[in-house]
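Okay, here's what each chain looks like letter by letter:
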Amino acid sequence: ANDLKVNLQEEANYFSSTDGLFVHVEAEVLDAALTNELRLVVQLHEDSLVSPQKYPGGSSYPNDINVNYIHRDVLVGTIDGRAFGQALDTDHLDANGKYYFNYSYELPDQYDPTNMHLLIYVRDHVTEEVYHVIKKTLD
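Heads up: these notes are all about the structure in this document. (Residues numbered from 1 in each chain as written. Predicted model: local features only at pLDDT ≥ 70, side-chain atom pairs only at ≥ 80, totals over all residues. Heavy atoms only, no water.)

Right, let's talk about the sheet that holds strand 2 (residues 20-29) for a bit. Spatially, the three strands line up as an open sheet ordered 1-2-8, and their pairing is antiparallel. A strand with exactly one partner marks an edge of an open sheet, and here the two such strands are strand 1 (6-15) and strand 8 (99-106). Each strand of the sheet is rotated relative to its neighbour by a mean of 15°, with strand direction disregarded. (Pairing = 2+ DSSP bridges. Helix = DSSP H or I, 4+ residues; strand = E, 2+ residues; numbered from the N terminus. Axes fitted to C-alpha atoms, helices over the stretch in contact; angles between N-to-C directions.)

Written as structure tokens, this is what we have:
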């Protein structure tokens, strides 16, 4: 059974003329038994990146290095600089019991927005359990 304990909704807009990314996230805790601190994390990932990859000795690649290896889902960082997220606290809580977060971020020039996505999730700060995840492409 899918027992959703935290509901996440997001709206993200990328503007290529300014490389501006604007993200709005709504989080609602559905399970009152969740008493540990919960945190919202918004990560930026590169879908694929061609870069050298070293292999253990004896591989079929020259010098045990595949120079055209495709790395997948490469973490670039978080869009707010908080690796462990922001607390779902009273600063983000509205009268209806929902938490709201707004972010603005300028995508660095070296990244192609058509090859990027966000991972947005809520995690338990004590147990590290992840309750809900959204993957959102930028294009």
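The relation between two aromatic rings is expressed through the spacing of the ring centres and the mutual angle of the planes. Taken as a whole and assessed by the stated rule, the structure comprises three aromatic pairs. Both rings, one in Phe-15 and one in Phe-22, keep their centres 5.8 Å apart while their planes meet at 65°; by these two values the pair is edge-to-face. Judged by its relative accessible area of 40%, Phe-22 falls in the partly exposed class. Where Tyr-55 meets Tyr-69, the ring centres are 6.3 Å apart and the plane angle is 75°; that geometry is what we call edge-to-face. You can see Tyr-55 sitting in the loop between strand 4 (53-54) and strand 5 (65-66) and its partner Tyr-69 sitting in the loop between strand 5 and strand 6 (70-78), a full 14 residues away along the chain. An aromatic cluster of three or more residues is present, and its members are Tyr-55, Tyr-61 and Tyr-69. (Phe/Tyr/Trp six-rings, centres within 6.5 Å; stacked < 30°, edge-to-face > 60°. Buried < 20%, exposed > 50% of the residue type's maximum accessible area, 1.4 Å probe, protein only.)

Looking now at unusual backbone geometry. For Asp-19, which is not glycine, the phi torsion reads 60° and is therefore positive. Topologically, Asp-19 is positioned in the loop between strand 1 and strand 2.

With that out of the way, let us pick up the nonpolar core. The biggest cluster of nonpolar side chains holds 28 residues, and the ones touching the most others in it are Val-23, Leu-40, Leu-118 and Ile-120. Looking at this core, the elements that each hand over two or more residues are strand 1, strand 2, strand 3 (38-50), strand 8, strand 9 (116-124) and strand 10 (130-137). In contact with Val-23, not counting residues within four places along its chain, are Glu-11, Ala-12, Ile-79, Phe-101, Asn-102, Tyr-103, Leu-118 and Ile-120. (Core = buried A, V, L, I, M, F, W, Y, C linked by side-chain atoms within 4.5 Å. Contact = heavy atoms within 4.5 Å.)

Bringing the pattern of salt bridges into the picture now. Here the structure, examined in full by the defined rule, presents three salt bridges. In this structure, the salt-bridge partner of Glu-26 is Lys-98, at a minimum N-O distance of 3.7 Å. Here the residue Glu-26 occupies a position in strand 2, and Lys-98 occupies one in the loop between strand 7 (86-87) and strand 8, the gap between them amounting to 72 residues. On the accessibility criterion, Lys-98 (23% relative accessible area) is partly exposed. Here Arg-39 and Glu-37 are joined by a salt bridge, their closest N and O atoms 2.4 Å apart. Using a relative accessible area of 33% as the deciding quantity, one classes Glu-37 as partly exposed. (Salt bridge = Lys/Arg side-chain N within 4 Å of Asp/Glu carboxyl O.)

Another point: the pairing of strand 2. Bridge count between strand 1 and strand 2: ten bridges; the pairing is antiparallel. The partner of Ala-12 across the bridge, within strand 2, is Val-23. Taken together, strand 1 and the strand that follows it, strand 2, pair antiparallel across an intervening segment of four residues, in which Asp-19 is found at a positive phi of about 60°. Here strand 2 runs beside strand 8; their pairing, made up of eight bridges, is antiparallel. Each residue of the ladder has a partner; that of Ala-27, found in strand 8, is Tyr-99.

This part covers the environment of Val-25. Take Val-25: it is sitting in strand 2. Residue Val-25 is classed as buried on the basis of its relative accessible area, which comes to 0%. Considering only alpha carbons, one finds Val-25 and Val-42, 17 residues apart in sequence, at a separation of 9.3 Å. Beyond its immediate sequence surroundings of up to four residues, Val-25 is in contact with Leu-8, Gln-9, Glu-10, Leu-40, Tyr-99, Tyr-100, Phe-101, Tyr-103 and Ile-120.

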